[in-house]
Amino acid sequence: MAARRAIKAVLVDLSGTLHIEDSAVPGAQEALKKLRSAPVAVRFVTNTTKECKQDLLERLKQLDFDIKEDEIFTSLTAARNLLEQKKVRPLLMVEKNALRDFTGALTIYLQLAHLFAFPFHLQDCRDDVGGAQNAGMLGILVKTGKYRDADEDKIHPPPYLICESFPHAVEHILQHLL
């Protein structure tokens, strides 16, 4: 039997894992409480660019998730940090609700209402799970949110684990990875 791989932290993608739009994934709140009771750090990530961190946090609190603002890392946070580090003044082409994450930064905002249509199902499985694995993490794919049949076949190497939902992933983590 292989040695158990003890993990020190869990990064949880928010959209599609804990919630889908304004609805919590069934059992996600209780699963998060179980995960938080384990000796492992829990942080939250999202690549959404349609809303600021504060709006996202409010939505999660309304869904009864116990999450603090400093536990959430967003793509907007990464963008702001890079802008400040490089000391540049960019032209922002983001949703109006995302602008609050750039308050105080020297930016120009251009509202592009439906000018571009992006295929959003390039799939989070490849970007999120595949990206985690490429960074040396264990990638767990949950079949909620944007999941489509056979998404796991788009990730090379395949995900460490495929679960029906976040609560199932938490049970596996608690039983096999700590």
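As a convention, each chain's residues are numbered from 1 in the sequence order in which they are written. Local features are withheld for residues below a pLDDT of 70 in this predicted model, meaning they are given only at 70 or higher, and side-chain atom pairs are given and counted only at 80 or more; totals for whole chains, interfaces and linings count all residues. Side-chain metrics rest on all non-hydrogen atoms present in the structure, leaving aside hydrogens and water.

Our focus in this paragraph is the overall build of the protein chain. Under the DSSP-based scheme used, a helix requires at least four consecutive residues in state H or I and a strand at least two consecutive residues in state E, with every element numbered from the N terminus. From N to C terminus, the protein chain includes five helices and nine strands. Counting contacts in the protein chain only where the partners sit at least 6 residues apart, residues at least 24 apart contribute 63% of the total. Surface accessibility follows the Shrake-Rupley procedure with a 1.4 Å probe radius. Residue values consider only the protein chains on display as shielding. Accessible area for the protein chain stands at about 11,000 Å²; split by element, carbon and sulfur atoms hold 55% of it. Contacts are assigned to residue pairs that have any heavy atoms within 4.5 Å of one another.

To continue, consider the nonpolar core. Throughout this description, the term nonpolar core refers to a set of buried Ala, Val, Leu, Ile, Met, Phe, Trp, Tyr and Cys residues connected via side-chain atoms within 4.5 Å. Exposure categories follow from relative accessible area, calculated using a 1.4 Å probe and restricted to protein chains: below 20% of the type maximum is buried, above 50% is exposed, and the middle band is partly exposed. Counting residues in each nonpolar core, the largest one holds 25 residues, and the members touching the most others are Leu18, Leu35, Phe44, Ile67 and Phe166. Looking at this core, the elements that each hand over two or more residues are strand E1 (9–13), helix H1 (28–36), strand E4 (41–46), helix H2 (53–62) and helix H5 (166–177). Among all residues touching Leu35, those that are not within four sequence positions of it are Val10, Val12, Val40, Val42, Phe166, Val170, Ile173 and Leu174. Core analysis: the next-biggest nonpolar cluster, separate from the first, contains six residues, Leu83, Val94, Ala98 and Phe102 among them.

Another point: empty space enclosed by the protein. Any empty space left between the atoms is revealed when a probe the size of a water molecule rolls over them. A pocket, in this scheme, is an open set of points on a 1 Å grid over the protein atoms alone with protein on both sides within 12 Å along at least 5 of 7 lines, while a cavity is a set where a 1.4 Å probe fits but cannot get out; residues line either one if an atom lies within 4 Å of a point. Grid points are joined across faces, edges and corners, and a volume is the space filled by probe spheres set on the points. Per the counting criterion, the structure on display carries one cavity of 30 Å³ or more. Taken as a whole, the largest cavity encloses approximately 40 Å³ of empty space. Classification used: nonpolar for Ala, Val, Leu, Ile, Met, Phe, Trp, Tyr, Cys and Pro, charged for Asp, Glu, Lys and Arg, polar for all others including Gly. Partitioned by chemical class, the residues of the lining of the largest cavity number two nonpolar, one polar and four charged.

Attention now moves to the sheet that holds E4. Ordered by their spatial adjacency, three strands build an open sheet running E1-E4-E5, and the pairing between neighbours is parallel. Both outer strands of the open sheet, E1 and strand E5 (72–74), are each paired with one neighbouring strand and no more. When strand polarity is set aside, the average angle formed by the axes of neighbouring strands in this sheet is 25°. The criterion for strand pairing is that DSSP finds at least two bridges linking the strands in question. Bridging between E4 and E5 involves three bridges; their strand directions are parallel. In this description, a line fitted to the C-alpha atoms serves as the axis of each element, helices being fitted only across the stretch in contact, and the angle between N-to-C directions of two axes falls anywhere from 0 to 180 degrees.

Time to look at the confidence of the model for the protein chain. A residue's pLDDT is simply how confident the predictor is in it, with values from 0 to 100. Averaged over the protein chain, the pLDDT score is 80; the fraction of residues at 70 or greater is 84%. Across residues 109–123 the pLDDT falls below 50, and counting only partners more than four positions away or on other chains, this stretch makes 18 contacts in the model.

With that out of the way, let us pick up the packing of H1 against H5. In helix packing, the relevant descriptors are the interaxial angle and the interaxial distance, both defined with respect to the helix axes. For the pair H1 and H5, the least separation of the axes is 8 Å and the interaxial angle reads 20°. Judged by the inter-axis angle, H1 sits roughly parallel to H5. Every pair of crossing elements has a handedness; the one defined by H1 and H5 is left-handed. Contacts between H1 and H5 involve Ala28, Ala31, Leu32, Lys34 and Leu35 from the first element and Phe166, Pro167, Val170, Glu171, Ile173 and Leu174 from the second. Along the lines of polarity and charge, the residues of the contact of H1 with H5 split into nine nonpolar, no polar and two charged. Any angle that is under 35 degrees is reported as roughly parallel, and any over 145 degrees as roughly antiparallel; angles of 65 to 115 degrees are reported as roughly perpendicular and all others as oblique. The hand of a helix crossing depends on one turn: near helix anticlockwise from the far one by less than a right angle means left-handed, and clockwise means right-handed.

On to the side chain of Glu71. Tracing the chain through its elements places Glu71 in the loop between H2 and E5. Using a relative accessible area of 8% as the deciding quantity, one classes Glu71 as buried. For Glu71, the side chain forms a polar contact with the side chain of Arg36, separated by 2.8 Å. Contact partners of Glu71, with chain neighbours within four places excluded, come to Arg36, Val42, Arg43, Phe44 and Asp66. Counted as a polar contact is a pair of N or O atoms within 3.5 Å, where, for protein atoms, one must be capable of donating a hydrogen and the other of accepting one, and residues adjacent in sequence contribute only when both atoms are in side chains.

What follows covers the pattern of salt bridges. Two side chains with opposite charge may pair up if their charged atoms get near one another. When a carboxyl oxygen of Asp or Glu lies within 4 Å of a side-chain nitrogen of Lys or Arg, that pair is called a salt bridge. Enumeration according to the criterion identifies nine salt bridges in this entry. For Glu21, the salt bridge goes to Arg59, with nearest N and O atoms at 3.9 Å. Here Arg59 lies in helix H2 and Glu21 lies in the loop between strand E2 (19–20) and strand E3 (23–24), a separation of 38 residues in the sequence. Ionic pairing is found between Glu71 and Arg36, a salt bridge with its closest N-O pair at 2.8 Å. Residue Glu71 is found in the loop between H2 and E5, and its partner Arg36 is found in helix H1; the two are separated by 35 residues along the sequence. Owing to a relative accessible area of 27%, Arg36 belongs among the partly exposed residues under this scheme. The network of salt bridges with common partners includes Glu21, Asp22, Lys50, Glu51 and Arg59.

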